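Architecture at a glance
Listed here are the chains, written in short residue letters.
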Amino acid sequence: MEGDAAPPNTWAASKAGYVLSNVAEVVERILTFVPTKTLFRIASVCRLWRNCARRVLRTQQRLTWLSATGSSMYQEHVLLRTMAEDLENIYLLPQTALLMLDGENFNGPVGYRHKKARKCEVESNPVEKLRYLLPSSCNIVGVVAPGIVVTPSGLPSNPPQEYEEGEAGFSLLFPAMDGVSIRPFHFCKKSLSETAMEEAGLINNPDLKVVLMFDYETYKPGGGRFLNKLLEPLSQSNVLIVGGQVERVFSNDFTCCSPGSFGAVGLTFNGSRIQGASVLVEQDVSSPKAAEATIQRLKAANIPERNTIGFMFACVGRGHNSYNNQHNVEADAFRKIFSNVPLLGFFGNGEIGCDRIVKENYTLSETDADGLQHSFTTVMSLVHFG
């Protein structure tokens, strides 16, 4: 009888319900379009969805970045406010987060705002904020520098910008990646030793490929010896090391330093899938053409652009000062050569790195600890994650 037939929409809904409750291939395909935070929420629906969500999470191995610029009347830095919104829409589970923010608008560990916004201030701890925003297991390494280099969030091809002044920052988010191990480290004069360096994977580690290192307060008495002790064993290895001198650092494991002491933080990238290269834009490079010619040498490493990050660590004395008041020269040169690699970094008080293209057993130039430390230069590098 016609009256016994189920309405078409009910029949369709029952078929869809059956598929979504029983056909893992369909469910898993659908969940690949769901942001990670939402994925965790809906994984509690049933066992099938939970298992599909786990498999989807294991496939999300491409790193991403969130960036923010501008200013506001809010107490917290624009990056932290942006992360609170944008983390809802990312497609990975962060295992490590590297943050860089400008020092003018972020005075950690408590980030106070401009005097004109003083009436809106509410004291907050950025690390506590990040612990709330990021997974509890996520390692956090943050640096505060005089200026920031960012590529706007979204497409790798977005044009990078050098913010020598003004409010800017980014968070580079690393998921778990097959064949790649990322380890944070932190040393101060109390904790630096050969044993500690070995435990951190900085020495006697055949899998070590790239080190990002950021030192702070090392202009103080004893700071130079400290930094040389840290850099010397790395300079003797076929490892890419890049970074620079920053104003302040913060992390979720930062307990050994006394106030005002010097030290260094960073990340090690380990594994056969990692590739890296760097070039040094020397102090006498003062034209866009010369900057482009220097950065062009990175092409010799033959590093794929997919899943690759460009890092730019420049002296606060460079930027427009080196190019007859032309702004964004080095970032524009990088984009011209590497059209699909996001560029991130800072303007600091000193640079770590050299001309080094590491590929198999080939090293473009060798150096020592002193040769890794510079001023009025820019270290431009590529790091590929397979």
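Please refer to the structure placed before this passage.
Residues numbered from 1 in each chain as written. Predicted model: local features only at pLDDT ≥ 70, side-chain atom pairs only at ≥ 80, totals over all residues. Heavy atoms only, no water.

Its place among the elements puts threonine 151 in the loop between β4 (147–150) and β5 (161–163). Beyond its immediate sequence surroundings of up to four residues, threonine 151 is in contact with Trp65, Ser67, Pro156, Asn158, Pro160, Arg335, Pro342, Leu343 and Leu344. (Helix = DSSP H or I, 4+ residues; strand = E, 2+ residues; numbered from the N terminus. Contact = heavy atoms within 4.5 Å.)

If you look at the biggest cluster of nonpolar residues, it comprises 38 residues, and the most contacted ones within it are Leu98, Leu172, Phe174, Phe214, Phe269 and Phe385. Not counting chain neighbours up to four residues away, the residues in contact with leucine 98 comprise Val141, Phe170, Ser171, Leu172, Phe174, Leu212, Phe214, Leu267 and Phe311. Val285, Ala333, Leu343 and Met380 belong to the second-largest nonpolar core, a separate cluster that totals 25 residues. (Core = buried A, V, L, I, M, F, W, Y, C linked by side-chain atoms within 4.5 Å. Buried < 20%, exposed > 50% of the residue type's maximum accessible area, 1.4 Å probe, protein only.)

Attention shifts here to the sheet that holds strand β8 (residues 208–216). An order of β7-β11-β8-β9-β15-β18 is seen for the six strands of this open sheet, with the pairing classed as mixed. A single partner strand is all that each edge strand has here, and the edge strands are β7 (181–188) and β18 (373–374). The sheet contact formed by strand β15 (residues 351–352) and β18 spans two bridges and is antiparallel. By the bridge assignment for β18, glutamate 351 is matched with histidine 374. (Pairing = 2+ DSSP bridges.)

The strands making up a sheet are joined through hydrogen bonds of the backbone, oriented either antiparallel or parallel. Strand order across the open sheet formed by five strands is β1-β6-β2-β3-β10, with mixed pairing between neighbours. Looking at strand neighbours, the two that pair on one side only are β1 (64–69) and β10 (248–251), the edges of this open sheet. The sheet shows a mean angle of 15 degrees between the axes of neighbouring strands, taken without regard to direction. Examined bridge by bridge, β1 and strand β6 (residues 168–174) share six bridges and lie antiparallel to one another. Looking at the pairing, alanine 68 lines up with glycine 169 of β6. Against the sheet, helix α5 (residues 78–86) contacts β1, β2 (96–102) and β6, and its axis sits at roughly 130 degrees relative to β1. (Axes fitted to C-alpha atoms, helices over the stretch in contact; angles between N-to-C directions.)

Honestly, it's all geometry; don't read function into it.
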